[in-house]
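Summary of structural features
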Number of protein chains: 4
Amino acid sequence: MPKMKAAIFVEPGRIVLDEKPIPDIGPLGALVRITTTTICGTDVHILKGEYPVARGLTIGHEPVGVIEKLGSAVQGYREGQRVIAGAITPSGHSAACLCGCHSQDGAGTKHGWKPLGGWRFGNTIDGCQAEYVLVPDAMANLAPVPDGLSDEQVLMCPDIMSTGFSSAESGRIRIGDTVAVFAQGPIGLCATAGARLMGATSIIAVESVPARMEMARRIGADHVVDFTEADPVEEIRRLTDGRGVDVSIEALGRQETFEASLRVLRPGGTLSSLGVYSGDLRIPLDGFLAGLGDHTIRTTLCPGGKERMRRLMEVIASGRVDTRPLVTHRFKLDQIEEAYELFGHQRDGVLKVAVTP
Amino acid sequence: MPKMKAAIFVEPGRIVLDEKPIPDIGPLGALVRITTTTICGTDVHILKGEYPVARGLTIGHEPVGVIEKLGSAVQGYREGQRVIAGAITPSGHSAACLCGCHSQDGAGTKHGWKPLGGWRFGNTIDGCQAEYVLVPDAMANLAPVPDGLSDEQVLMCPDIMSTGFSSAESGRIRIGDTVAVFAQGPIGLCATAGARLMGATSIIAVESVPARMEMARRIGADHVVDFTEADPVEEIRRLTDGRGVDVSIEALGRQETFEASLRVLRPGGTLSSLGVYSGDLRIPLDGFLAGLGDHTIRTTLCPGGKERMRRLMEVIASGRVDTRPLVTHRFKLDQIEEAYELFGHQRDGVLKVAVTP
Amino acid sequence: MPKMKAAIFVEPGRIVLDEKPIPDIGPLGALVRITTTTICGTDVHILKGEYPVARGLTIGHEPVGVIEKLGSAVQGYREGQRVIAGAITPSGHSAACLCGCHSQDGAGTKHGWKPLGGWRFGNTIDGCQAEYVLVPDAMANLAPVPDGLSDEQVLMCPDIMSTGFSSAESGRIRIGDTVAVFAQGPIGLCATAGARLMGATSIIAVESVPARMEMARRIGADHVVDFTEADPVEEIRRLTDGRGVDVSIEALGRQETFEASLRVLRPGGTLSSLGVYSGDLRIPLDGFLAGLGDHTIRTTLCPGGKERMRRLMEVIASGRVDTRPLVTHRFKLDQIEEAYELFGHQRDGVLKVAVTP
Amino acid sequence: MPKMKAAIFVEPGRIVLDEKPIPDIGPLGALVRITTTTICGTDVHILKGEYPVARGLTIGHEPVGVIEKLGSAVQGYREGQRVIAGAITPSGHSAACLCGCHSQDGAGTKHGWKPLGGWRFGNTIDGCQAEYVLVPDAMANLAPVPDGLSDEQVLMCPDIMSTGFSSAESGRIRIGDTVAVFAQGPIGLCATAGARLMGATSIIAVESVPARMEMARRIGADHVVDFTEADPVEEIRRLTDGRGVDVSIEALGRQETFEASLRVLRPGGTLSSLGVYSGDLRIPLDGFLAGLGDHTIRTTLCPGGKERMRRLMEVIASGRVDTRPLVTHRFKLDQIEEAYELFGHQRDGVLKVAVTP
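Residues numbered from 1 in each chain as written. Chains lettered and ligands numbered in written order. Predicted model: local features only at pLDDT ≥ 70, side-chain atom pairs only at ≥ 80, totals over all residues. Heavy atoms only, no water.

Digging into the environment of Gln-75 of chain D
- Here Gln-75 of chain D shows up in the loop between strand 4 (64-70) and strand 5 (82-84).
- Using a relative accessible area of 61% as the deciding quantity, one classes Gln-75 of chain D as exposed. (Helix = DSSP H or I, 4+ residues; strand = E, 2+ residues; numbered from the N terminus. Buried < 20%, exposed > 50% of the residue type's maximum accessible area, 1.4 Å probe, protein only.)

The structure is reproduced here in structure tokens:
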């Protein structure tokens, strides 16, 4: 059985590069040879043991690659085609998919729900920080990369851009909206770009790391508030003449930012939450206007599927948004432990890394 | 200056019937002679001092009456016409109204927002537990009562029915949905009726007072869960074969019900909240699926305005819903202190009272 | 190779019962033994040669049956299970499905679009007026019938009810709406029922056949206008005091009804069209308010997929709507030519027939 | 009674500059001294007698000016304030306004509907091609111009930009959409800008006048199709690899463009129509997929009201869109007949004119 290299979760604190068999494919799957992938904040949670996965699992959910082999029932693709797949891989045939809620495919069971319903790569099946990955339900998930786009140009599509943009979409941003985006990590930056793309005319980013503040401006923010220098709630009220924002986006996953997102929201506004929270959240009575503010709070899990990927690559191809500046460091797959070390500790101004087998 | 009787807030603990001048009207207002009104749970909060209003204010926001006099600029009505007005009286000309968020008219100021933005009757201006009430912005708010409908038939429209139905509307209930409604007081009962009216096919009401449980069944519930006999979250999961509900409605305003509303919600579902909360709320991490469940939480303040009232009276006129059984007790305005005594302590199985000057 | 009986399109004017092999199944399909099916108006168009299909095709797209055999890759079902499948059978994995437009699966090609994109049974593959039918993409399409529901209770779900209800859904009917439904054949009757189910409070059905007028009242119409006795546009304007309707539903597919549907619509209203038109349509300038009326015209093709079917069966199981009275005649599969004769000529007050192998 | 100069409709073929009294204001109105206005295509229809208005009416519906005097009941403004008002001036208190359909305010009567319901300026009341204009329902309609914006920067907001953008909004354009815009006159150009602002990534403009084709590229089009050189339907199918467009915008008001808009639309897509049609329209059977394509056709009348104007001026202030290049010619009010001559005959590459008293 041929072998490949893969980044494997051994135990909390240890993800190591090791060999494992190249996976077999069933009738509906596809084997993709990875050409570029990256590390996500969630992978770091796995590394730290904060998010539990099975020992021996290959990590990673952001694949760019080339079709190596197609399952016997897969039609509409050819071997050798350059493709990406989303971090979330909907089957297409679940009840969730059939009512348009593709991300929550498989989330429900008789015994309750699991978070991250439709997330399979590097969570419930082997992921793509490896030489090869098996893409399940290939016909729903493989998205051909348009000619002329490089691996790094599309590397943010599977997760970062899909998630970031979805916050603007779930916030139903309209032309002329004022929007606040809390935190400008890679996903927050894409939320800022998404808000701009949907027609918000006043985008206020909240951040304190100078390089991220600078990137926020470059990618679409009109104002950047350094929360270490001013209370962001007061500052946003000031910037909006007391009107508050139409949509606020939480892109960190902390009580403080969730709370601030609510406090800056005008009555009738929407809090679009991307954060992965690690404990109970508190809704402050005043920010919530005692439940009488016609507020909407909406959470969104990264949309996946080939059509989503096609649309995001269109955004890139049209030149509307360029996510290449988010890739600040590059590693070979052989160096992936080093890459985790850098990315996990947010060293050297890292935003995202590119990892190439 | 002619005088009238009115229920006046004197100080926490005291609402008394007293005399005050019949109000003057400006160019845009209308003087309405009250023929029937009622007491709301919010009025009891005012009585107890839990919701602060100015001393000397006339209480009440659910008017049924007859136009006595029209402001000089008011067109499209005639004196002697039977009318109702909503509890919330939008001006029509605010920025909030012009973007379709009529309930939040006037909510925003440079110094933050106040809850209950568009609520004026018995809050920021004199209310309708009196012989006369001045209706502001009459052209936006006076809704003629169709011939053949009695005062008691339309008495729930200004607040109870508008609020209750709005939870179903904000939940965007669809044909075939499963819906849970937590608490079956007057507003919860109207939420149940609204869910039924919008096509939910499995409506689970949660309540423990036998008369309210019975009324829930009568007005539209398919199942009634007595939360004193079974854990409602487990019971609802059981009733839905573990699938959870598409929409859950919180109609009480408590941490327990808010939390249960979230825990029974399927991924991708909507929590539609009507409750007026009196403290911070806690979002349980598991119920919220760590922020990854594609959930929507939406709060709604009673929609007002004449067109809303016209539509609700159409519901009554068509026979689709009959809210008369909610009126369990009747009082003269002279007996209003007695009415507060009964209603405030929820004595004698009271749901709503009718008060007639 | 075992044989079965099937209603086969031979040539325009001839659908005959004949023998053909029981189909083989691939990995994703399922073989269903038909227990009850029916004939649709579209089948009559096929019979007459007005809608072209391949010679030798088995006709029929409304299956109720029992799983006989499952494809090797099909999970989540068991042989012997009672199921239905929708008339439209989305794959789940097309771009159309992945953006929530399941009915249009497969509609697009480089050479233009074909109407009835996702319609396969009895159109592009063998249908279900036979002893057995092969259901493609079984995991997306097989919906188990809840215990206690008879074949005839769920027989309208695959097409008639799904299509009829979809017009109310596409019209976005709201509580308190006034709705006109043009034509009360089986689909129009289900549109009337759907409008009622979504909270319309004044439903005006237009029809002239007494039995259908009577059925319209029984299934939800508040008013029935006989268009042979009064001009329906004038009559509807009269019934609505000149306000017009919020939503009008076209359920016939003719110029006259399309035009009338538009003329009765209030500014800002929606024309929800179900009709299958057989020629160009004319939009009258006045009815369209010269293109300035903030009107919406929306067409809808029968939604399919197992989740849609589950929801429709919930409507039946809850007792909200009973479509059994639509089945006016019953035939054995052996008598299907006779059934076409009766149904095709609308003899004997027929609404729908039940056909049992 | 003080007099002012005004452009008055005398009879078909004649709009002349003459004197008439400066209007009196009622309690709810405001007198605005015009500083800049413009001529609309609709005004040319009035001039030619194609759209009937009363003789003696002042024409024009795109005011930029300064508050001269406020009605006695008007609050929240001060004299001397720079303002604009939308072409459509909703009252705020009609049933249409109260259900969010502000443009259709006043459209309905017992005797049918009139097109252009909420359009009053230069239609049912005196317009703004004059030294002064009376703005009705001032509190709903006066929008203060932000400091730093010139008259010409905001001159397109009242009509051209509001209408053009509304086509993108009514089309519900999403990130990654492909959009076709038929005709690139001033409104079509703003439709193109609006599509870009909402995140369309492939915008195909159809036009043949070189200056307009150039402007289309500058304001947001990715492709410009010259319909005199290629069949636009075929060209758009080619550009989209046969997939068609998600949204097509009709910005001319002709049968050919309406029909082409439909033919390029993918199943499930939306035709957003801005055109003012002058005769019946024909829907081609094939383009309409026989009524089975899940298509939406939506018409939109220019949204008005102060909040809409505020948002559009935010778009200008943020630098997202610059409409100044649309103003190609400038005239004094004294020269308005000359301006009509030039604009009416589309001479000298005119797009829009600025007229200053």
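Section: the domain arrangement of chain A
Residue and element names in this part refer to chain A.
- Here the domain parsing of chain A yields domain 1 (3-85 + 121-155 + 323-356) and domain 2 (161-299).
- Placing a centre on the C-alpha atoms of domain 1 and another on those of domain 2 gives a separation of 30 Å.
- Between domain 1 and domain 2 the total buried area reaches about 670 Å² when both faces are included, carbon and sulfur atoms providing 78% of it.
- Contact with domain 2 buries area across many residues of domain 1, yet Pro-325, Leu-326 and Leu-351 alone supply 64% of it, more than any other trio.
- Our enumeration of links across domain 1 and domain 2 arrives at 0 salt bridges.
- Taken together, the residues of the side of domain 1 that touches domain 2 sort by class into 4 nonpolar, 2 polar and 1 charged. (Domains from an automatic or database assignment. Buried area = accessible area lost by both parts, 1.4 Å probe. Salt bridge = Lys/Arg side-chain N within 4 Å of Asp/Glu carboxyl O. Nonpolar A, V, L, I, M, F, W, Y, C, P; charged D, E, K, R; others polar.)

Thoughts on the sheet that holds strand 4 of chain D
Residues and elements named next belong to chain D.
- An order of 8-3-4-5-9 is seen for the 5 strands of this open sheet, with the pairing classed as antiparallel. Strands with a single pairing partner mark the edges of an open sheet, and in this sheet they are strand 8 (132-135) and strand 9 (143-144).
- Sheet topology note: the strand 3 (residues 30-36)/strand 4 ladder contains 6 bridges and is antiparallel. Residue pairing across strands places Ile-34 opposite Gly-65, the latter belonging to strand 4. (Pairing = 2+ DSSP bridges.)

Notes on the relation of the copies chain C and chain A
- Under the fitted operation, chain C is carried onto chain A by 0.0 Å of movement along the axis and a turn of 180°, and the coordinates agree to an RMSD of 0.0 Å. Read as a symmetry element, the transformation amounts to a two-fold axis. Within chain C, Gly-92 of chain C has its C-alpha nearest the rotation axis, a separation of 2.1 Å.
- In this assembly, 100% of the residues forming the interface of chain C have copies in chain A that are likewise at the interface, indicating an isologous arrangement. (Least-squares fit on C-alpha atoms with pLDDT ≥ 70 in both. Contact = heavy atoms within 4.5 Å.)

Structural notes on the relation of the copies chain D and chain C
- Rotating chain D by 180° about the axis while translating it 0.0 Å along that axis superimposes it on chain C, leaving an RMSD of 0.0 Å.
- The overlap is high: 98% of the interface residues of chain D also sit at the interface in chain C, so the same surface is used on both sides.

Concerning the pattern of salt bridges
- What the rule picks out here adds up to 86 salt bridges over all chains.
- Notably, a salt bridge pairs Glu-307 of chain B with Arg-311 of chain B, separated by 3.6 Å at the nearest N-O pair. One end of the pair, Glu-307 of chain B, and the other, Arg-311 of chain B, are both in helix 10 (residues 306-317), 4 residues apart, so they sit about a helical turn from each other.
- Connected via shared salt-bridge partners are Asp-177, Asp-246 and Arg-266 of chain A together with Glu-307, Arg-310 and Arg-311 of chain D.

Brief notes about the interface of chain D and chain C
- The interface of chain D with chain C comprises 50 residues on the first partner and 50 residues on the second.
- Of the roughly 4,200 Å² buried between chain D and chain C, counting both surfaces, carbon and sulfur atoms make up 57%.
- For the pair chain D and chain C, the number of links is 2 salt bridges.
- Counting only elements with at least two residues in the side of chain D that touches chain C, the list comes to strand 7 (112-113), helix 9 (255-263), strand 14 (265-273), strand 15 (281-283) and strand 16 (296-299) of chain D.
- By residue class, the composition of the side of chain D that touches chain C is 21 nonpolar, 16 polar and 13 charged.

Points about the sheet that holds strand 12 (residues 223-226) of chain B
- Strand order in the open sheet made by the 12 strands is 12(A)-11(A)-10(A)-13(A)-14(A)-16(A)-16(B)-14(B)-13(B)-10(B)-11(B)-12(B), with mixed pairing throughout. Of all strands in the sheet, those bounded by a partner on one side alone are strand 12 (223-226) of chain A together with strand 12 of chain B. Along the sheet, successive strands turn relative to each other by an average axial angle of 15°, direction set aside.
- Where strand 11 (residues 202-207) of chain A lies against strand 12 of chain A, 4 bridges are found, and the strand directions are parallel. Across the sheet, Ala-205 of chain A pairs through a bridge with Val-224 of chain A, a residue of strand 12 of chain A. (Axes fitted to C-alpha atoms, helices over the stretch in contact; angles between N-to-C directions.)

Describing the packing of helix 1 (residues 41-48) of chain A against helix 11 (residues 336-344) of chain A
Residue and element names in this part refer to chain A.
- With their axes 10 Å apart at the nearest point, helix 1 and helix 11 run at an angle of 105° to one another. When the interaxial angle is binned, helix 1 and helix 11 end up roughly perpendicular. Contacts from Gly-41, Asp-43, Val-44 and Leu-47 in helix 1 reach Tyr-340, Phe-343 and Gly-344 in helix 11.
- Its residues assigned to classes, the contact of helix 1 with helix 11 comprises 4 nonpolar, 2 polar and 1 charged. (Parallel < 35°, antiparallel > 145°, perpendicular 65-115°, else oblique.)

Overview of the pairing of strand 11 (residues 202-207) of chain B
All names here are of chain B.
- Counting buried residues along strand 11, 6 of its 6 residues qualify, which places the element largely inside the surrounding structure.
- Judged by which residues are buried, strand 11 turns out to be covered on both faces: Ser-202, Ile-204 and Val-206 on one side and Ile-203, Ala-205 and Glu-207 on the other are all buried.
- As judged from the 5 bridges shared by strand 10 (residues 178-182) and strand 11, these two strands associate in the parallel manner. Across the sheet, Ala-180 pairs through a bridge with Ile-204, a residue of strand 11.
- Remark: the strand 10/helix 6 (residues 186-197)/strand 11 crossover connection has right-handed handedness.
- On the question of chirality, the crossover connecting strand 11 to the parallel strand 12 by way of helix 7 (residues 210-219) is right-handed. (Right-handed = clockwise from strand over helix to strand, strands pointing away.)

Describing the pairing of strand 16 (residues 296-299) of chain C
- In strand 16 of chain C, alternate side chains face the same way, and those of Thr-296 and Arg-298 of chain C on one face and Ile-297 and Thr-299 of chain C on the other are all buried.
- Where strand 14 (residues 265-273) of chain C lies against strand 16 of chain C, 4 bridges are found, and the strand directions are parallel. Note on strand 16 of chain C: the bridge partner recorded for Leu-271 of chain C is Ile-297 of chain C.
- Two strands pair when backbone bridges link them, and strand 16 of chain C and strand 16 of chain D are joined in this way by 3 bridges, in the antiparallel orientation. Counted as the bridge partner of Ile-297 of chain C is Ile-297 of chain D from strand 16 of chain D.

Considerations on the interface of chain C and chain A
- At the interface, 17 residues of chain C touch 17 residues of chain A.
- Of the roughly 1,400 Å² buried where chain C meets chain A, counting both sides, 76% is carbon and sulfur surface.
- Three residues stand out in chain C for area buried against chain A, namely His-93, Leu-98 and Glu-307 of chain C, and they jointly supply 40% of the buried area on that side.
- Here chain C is connected to chain A by 0 salt bridges.
- At the surface where chain C touches chain A, the tally comes to 2 residue pairs in polar contact (both at pLDDT 80 or more).
- At the level of secondary structure, the elements contributing two or more residues to the side of chain C that touches chain A comprise helix 2 (95-98), helix 3 (138-141) and helix 10 (306-317) of chain C.
- Ranked by residue count, the leading element in the side of chain C that touches chain A is helix 2 of chain C, at 3 residues. (Polar contact = N/O pair within 3.5 Å; in protein donor to acceptor, adjacent residues only side chain to side chain.)

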